[in-house]
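Take a look at the letters that make up each chain.
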Amino acid sequence: MKIVYISGPYSAKTTEEVARHVAVAEETAMQVLHAGHVPIVPHRINQKWMDDERFLDYTLNDWLTRLCLPLLEKCDAILMLPGWELSVGAVMESNRAVEESIPVFYSVDALLSAFPARGKNSSR
């Protein structure tokens, strides 16, 4: 069982686009979980907390340095979602993964090739 950080675009011009980004991250996380691994979905954490009045003064850099990057450093792998290269945060996460020698994957299939599915709910 591996802990897999899900990285991809979050911010967008509309709330609908943000919701779409979160939905893609969550769907991917469910695939990872179904394969027997533990997904970390910062999209969901950020979505909940960014609206909390206690965090309204947080910048993107604050979220990355105080939450996302420390979480990533505890993970066994990072899975990059489509469009990651257009996201400042996802690019920073990818770069940190490389710096920390954390394997970087660009599809669930590639992740599962390196870390085969295990567990009673896995379909592979």
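These remarks concern the structure in this document. Computed from a prediction, not measured in an experiment: that's the story for all the values here.

Time to look at the pattern of salt bridges. Scanning all chains against the criterion turns up 2 salt bridges. With a closest N to O distance of 2.5 Å, glutamate 73 and arginine 96 form a salt bridge. You can see glutamate 73 sitting in the loop between helix 3 (60–72) and strand 3 (77–80) and its partner arginine 96 sitting in helix 4 (residues 88–99), a full 23 residues away along the chain. Glutamate 99 serves as the salt-bridge partner of arginine 96, at 3.3 Å between the closest nitrogen and oxygen. Of this pair, arginine 96 and glutamate 99 both sit in helix 4, 3 residues apart, which is roughly one turn of that helix. Where salt bridges share partners, they join Glu73, Arg96 and Glu99 into one cluster.

Turning our attention to the sheet that holds strand 3. Strand order in the open sheet formed by 4 strands is 2-1-3-4, and the pairing between neighbours is parallel. Two strands in the sheet have a free side with no partner beyond their single neighbour: strand 2 (38–40) and strand 4 (104–105). Looking at chain direction, strand 3 and strand 4 are connected through 2 bridges and run parallel. Across the sheet, residue isoleucine 78 finds its bridge partner in strand 4, namely valine 104. Of the strands in this sheet, strand 1 (3–7), strand 2 and strand 3 touch helix 1 (residues 15–34), which is tilted by about 160 degrees from strand 1.

About the thresholds
Residues numbered from 1 in each chain as written. Predicted model: local features only at pLDDT ≥ 70, side-chain atom pairs only at ≥ 80, totals over all residues. Heavy atoms only, no water. Salt bridge = Lys/Arg side-chain N within 4 Å of Asp/Glu carboxyl O. Helix = DSSP H or I, 4+ residues; strand = E, 2+ residues; numbered from the N terminus. Pairing = 2+ DSSP bridges. Contact = heavy atoms within 4.5 Å. Axes fitted to C-alpha atoms, helices over the stretch in contact; angles between N-to-C directions.

By themselves, these observations are geometric and do not establish any function.
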